[in-house]
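Working through the structure, step by step
Listed below are the residues making up each chain.
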Amino acid sequence: MVEGKKQIAILGSTGSIGTQALEVIEANPQLFEVYVLTAQNNVDLLIAQALKFSPKVVVIGKESAYQTLKEALSGTAIKVLAGSKALEEVVQYEAIDVVLTALVGYAGLLPTVKAIEAGKHIALANKETLVVAGELIMPLAAKHGISILPVDSEHSAIFQCLVGESYQEIEKIILTASGGPFRGKKIVDLQNVSKEQALKHPNWSMGAKITIDSASLMNKGLEVIEAKWLFGLEADQIEVIVHPQSIIHSLVQFMDGSMKAQMGLPDMKLPIQYALTYPNRIVSDFPRFNFANFPYLHFEPADMQTFRNLNLAYEALRKGGNMACMLNAANEIAVELFLQDKISFLQIAELNEFCMQKGTFIAHPTLEDYVRTDEEVRGMARLGKRE
Ligand code: NAD
Ligand code: MG
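Description of the structure in this document. All figures in this text were calculated on a predicted structure; none of them were measured in a lab. (Residues numbered from 1 in each chain as written. Chains lettered and ligands numbered in written order. Predicted model: local features only at pLDDT ≥ 70, side-chain atom pairs only at ≥ 80, totals over all residues. Heavy atoms only, no water.)

1. Looking at the environment of Ala 125
Along the chain, Ala 125 falls in the loop between strand S6 (121-124) and helix H6 (127-143). Of the residues examined, Ala 125 reaches a relative accessible area of 15% and is grouped as buried. C-alpha of Ala 125 to C-alpha of His 155: the two residues are 30 residues apart in sequence and 9.9 Å apart in space. Look past the residues within four positions of Ala 125 in its chain and what remains in contact with it is Ile 17, Thr 101, Ala 102 and Val 151. (Helix = DSSP H or I, 4+ residues; strand = E, 2+ residues; numbered from the N terminus. Buried < 20%, exposed > 50% of the residue type's maximum accessible area, 1.4 Å probe, protein only. Contact = heavy atoms within 4.5 Å.)

2. Re the layout of surface pockets
One water molecule sets the probe size; rolling that probe over the atoms shows where empty space is left. When its volume is computed, the second largest pocket comes out at roughly 210 Å³. Around the second largest pocket, the lining is made up of 19 residues, and of these His 249, Met 263, Gly 264, Leu 265 and Leu 270 lie nearest the centre. Among the elements of the structure, helix H7 (153-161), strand S11 (259-263) and helix H12 (269-277) are those that each provide at least two residues to the lining of the second largest pocket. Looking at the lining of the second largest pocket, the element that brings in the most residues is H7, giving four residues. Grouping the amino acids of the lining of the second largest pocket by side-chain chemistry returns 10 nonpolar, seven polar and two charged. (1 Å grid on protein atoms, 1.4 Å probe; cavity = no way out; pocket = protein on both sides within 12 Å on 5 of 7 lines; lining within 4 Å. Points joined across faces, edges and corners; volume = space filled by probe spheres on them. Nonpolar A, V, L, I, M, F, W, Y, C, P; charged D, E, K, R; others polar.)

3. Structural notes on the packing of aromatic side chains
In the structure shown here, the tally under the stated rule is nine aromatic pairs. With 5.8 Å between their ring centres and 70 degrees between their planes, Tyr 274 and Tyr 278 make a pair best called edge-to-face. For Tyr 274, a relative accessible area of 6% gives the class buried. Seen from their ring centres, Phe 289 and Phe 291 are 4.8 Å apart, and the 80 degrees between their planes marks the pair as edge-to-face. It is Lys 228 that lies over the ring of Trp 229; its NZ or CZ is 4.9 Å from the centre. (Phe/Tyr/Trp six-rings, centres within 6.5 Å; stacked < 30°, edge-to-face > 60°. Lys NZ or Arg CZ within 6 Å of the ring centre and 35° of its normal.)

4. With respect to the site of ligand 1
Taken together, the neighbourhood of ligand 1 is formed by 22 residues, with Thr 14, Ser 16, Gln 40, Glu 128 and Gly 207 sitting nearest. Between ligand 1 and Glu 128 there is a distance of 2.7 Å, counted from an oxygen atom to a side-chain nitrogen or oxygen. In this structure, an oxygen atom belonging to ligand 1 sits 2.8 Å away from a main-chain N or O atom of Gly 207. With the chains in place, 85% of the 820 Å² that ligand 1 exposes on its own is no longer accessible. For the shell around ligand 1, the elements supplying multiple residues, two or more each, are helix H1 (16-27) and H6. Of the residues in the shell around ligand 1, the class split is 11 nonpolar, eight polar and three charged. (Near = heavy atom within 4 Å. Polar contact = N/O pair within 3.5 Å; in protein donor to acceptor, adjacent residues only side chain to side chain. Areas by Shrake-Rupley, 256 points an atom, 1.4 Å probe, with all protein chains shown as cover.)

5. A look at the pairing of S11
In regular strands, side chains alternate between the two faces of the sheet. In terms of strand pairing, strand S10 (residues 248-254) meets S11 through five bridges, oriented antiparallel. Residue pairing for S11: Ile 248 is matched across the bridge by Met 263. If you look at the hairpin formed by S10 and S11, you'll find four residues sitting between the two strands, and Gly 257 has a positive phi there, around 95 degrees. (Pairing = 2+ DSSP bridges.)

6. Some details on the coordination of the magnesium ion (ligand 2)
Within the protein, the atoms that donate to the magnesium ion (ligand 2) are Asp 152 (OD), Glu 154 (OE) and Glu 223 (OE), at distances of 2.1 to 2.2 Å. Every donor residue of the magnesium ion (ligand 2) comes from the same chain, spaced as D-x1-E-x68-E. Glu 154 shares its class with Asp 152; the two are buried. (Donors = N, O, S within 2.8 Å, 3.2 Å for Na, K, Ca; no water.)

7. Things to note about the state of the cysteines
The tally for this structure, following the rule as stated, stands at zero disulfides. Cys 355 forms no disulfide, and the closest cysteine sulfur to it belongs to Cys 325, at a distance of 12 Å. (Disulfide = S-S within 2.5 Å.)

Everything listed here is a matter of geometry and, on its own, says nothing about what the molecule does.
So this is what it looks like as structure tokens:
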């Protein structure tokens, strides 16, 4: 370890956020060093990343790929581990300063808890962790005196707008949504849409799960819940507006009526970099916004009748307890089934609603309750409603 450089653990380094984070790190070798890299399946990319960045440790989720990884790195000093339990271990290494949670889904929860307990700052891309257990994570972060630095572009925008402000003076926040590939469509138009259509996001190139969530507006729903926990807001203080150009990344309205927005071309490297350098900014060569190319910025209300997932998220937020954990688990399975052509696009929201009605509600869940709820609802969603 070179003294003074921030030591970064990236969970999910082979994904969309993970690879962009490595680009940010590569561009700033005087500031950052990679300590841990992890991936679920893509062993070839993980090997290439490990050889390039020389982390101390790598983890492959898929245990059958362990030998391949071990052999490929045999000539190096890099420690090689496998399996999901290893994620909970590697986030705790003494030298790590920041854990970037760039893995997808509920799988982020337990490693994040362990990282916080070990006193690591969290650069949080994995919104599902706060959706599932924000009520537990935020007090845990406060107890251990660590920061949860948002990487999600909307939340980074709000976080940036709040620098120098008091959270008590927020009247409301407005999350912008691109509207995804099906913006303006009605239920009749969406009966037979394919996964190929759903996977074509107009503005962002992202992992498959979040891309489907963007098409169904579940992503915005998850972000509403994420915002509640990050900024300590009530459901009524969080609004969503569709802004197809994704230039305004989100806004804060204060109690005197003043509004602040954070803007820029859509590029996840900016919020990733900000989370890694906060409270400072550093120079970047990311493409700059030019007003002449955007003489009109467009806004419209979100259609919650057609895109029911957004409504379900507000419902989950108002109900509290483990309801958002149920919604998240149902949605992870629903997206998986949709990507396997086993359910239709519209059945995603149906399955989510079904599971929220049938799951066992717990008003004040413990960590173990969240784990059980996730398991119960996944099982239910797999058997789930199919008509
Ligand atoms: P991705 O599918 O491109 O990458 C996911 C990464 O996590 C991969 O490295 C994969 O190997 C790993 N992974 C997958 N399942 C895992 C599991 N069960 N256990 C451990 N590791 C696992 O996803 P992404 O688009 O990079 O998104 C990552 C997270 O960031 C998600 O929570 C997403 O909502 C959030 N996010 C992404 C973007 C974006 O632009 N991609 C924007 C905002 C927020
Ligand atoms: Mg986002």
